[in-house]
Amino acid sequence: MILGIIDTLEEWVKPFRDFVFENSGNPLMWLGFFLIGILVFKIVYDALSTKS
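Residues numbered from 1 in each chain as written. Predicted model: local features only at pLDDT ≥ 70, side-chain atom pairs only at ≥ 80, totals over all residues. Heavy atoms only, no water.

**Describing a nonpolar patch on the surface**
Our working definition: Here a patch means residues that are over 30% exposed by relative accessible area and free of salt bridges, tied together within 9 Å if like-charged and within 5 Å if nonpolar (Val, Leu, Ile, Met, Phe, Trp, Tyr). Note that accessible areas follow from Shrake-Rupley with a 1.4 Å probe, and for residues the cover is restricted to the protein chains shown. Whenever Lys or Arg places a side-chain nitrogen within 4 Å of a carboxyl oxygen from Asp or Glu, that contact is recorded as a salt bridge. Secondary structure elements follow DSSP: runs of H or I no shorter than four residues count as helices, runs of E no shorter than two count as strands, and numbering proceeds from the N terminus.
Where nonpolar side chains cluster on the molecular surface, the patch consists of Met1, Ile2, Leu3, Ile5, Ile6, Leu9, Trp12 and Val13 and spans about 930 Å² of accessible area. With respect to the helices and strands, the residue methionine 1 is situated in the segment before helix H1 (2-22).

**Digging into the pattern of salt bridges**
Proximity of charged atoms lets side chains of opposite charge pair with each other. Quick note on the threshold: Here's how the labels work: a residue is buried when its accessible area is under 20% of the maximum for its type, exposed when over 50%, partly exposed in between, all with a 1.4 Å probe on protein chains only.
The full count for this structure, using the stated rule, is two salt bridges. Lysine 14 is the salt-bridge partner of aspartate 18, the closest N and O atoms lying 3.0 Å from each other. Taken together, the positions of aspartate 18 and lysine 14, both in helix H1 and four residues apart, correspond to about one turn of that helix. Residue classification places aspartate 18 among the partly exposed residues on the basis of a relative accessible area of 29%. A relative accessible area of 42% means that lysine 14 is categorised as partly exposed.

**Side note on the packing of H1 against helix H2 (residues 27-48)**
Heads up, the condition is: Only the stretch in contact is used when fitting a helix axis, every axis being a line fitted to C-alpha atoms; angles between N-to-C directions are given from 0 to 180 degrees. The scheme is simple: roughly parallel for angles under 35 degrees, roughly antiparallel for over 145, roughly perpendicular for 65 to 115, oblique for anything else. Any pair of residues with heavy atoms lying within 4.5 Å of one another is described as a contacting pair. In the scheme used here, Gly and all other residues not listed as nonpolar or charged are polar, with Ala, Val, Leu, Ile, Met, Phe, Trp, Tyr, Cys and Pro taken as nonpolar and Asp, Glu, Lys and Arg as charged.
Remark: H1 packs on H2, axes separated minimally by 10 Å, with the N-to-C direction vectors making an angle of 130 degrees. On the basis of their axis angle, the class for H1 and H2 is oblique. Across from Phe16, Phe19 and Val20 in H1, the residues of H2 making contact are Met29, Trp30 and Phe33. Along the lines of polarity and charge, the residues of the contact of H1 with H2 split into six nonpolar, no polar and no charged.

**A closer look at the environment of leucine 9**
The residue leucine 9 is located in helix H1 in this model. Sequence separation between leucine 9 and tryptophan 30 is 21 residues, and the spatial gap between their C-alpha atoms is 23 Å.

**Here we look at H1**
How we decide: In this analysis, the expected span of each helix is defined as 1.5 Å times one less than the number of residues it contains. The seven residues ending at a residue and the seven starting there each receive a fitted axis; the angle between those axes is the bend at that residue.
If you check H1, its first and last C-alpha atoms are 30 Å apart, about what 21 residues at 1.5 Å a residue would give, namely 30 Å. At valine 13, H1 shows its largest kink, close to 35 degrees, and the proline proline 15 lies no more than four residues downstream.

Below, the structure is given as structure tokens:
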């Protein structure tokens, strides 16, 4: 059961992993990843912070 889930996730991630390895020298890709990470952090922070 668990190994089937892990195998499925590995199949889904493989195309993305290959894309990142092929384009690892592209600074725009890394800038995009960084900005997406900041956006996710902001969304999670705003959701968890208490606003009174």
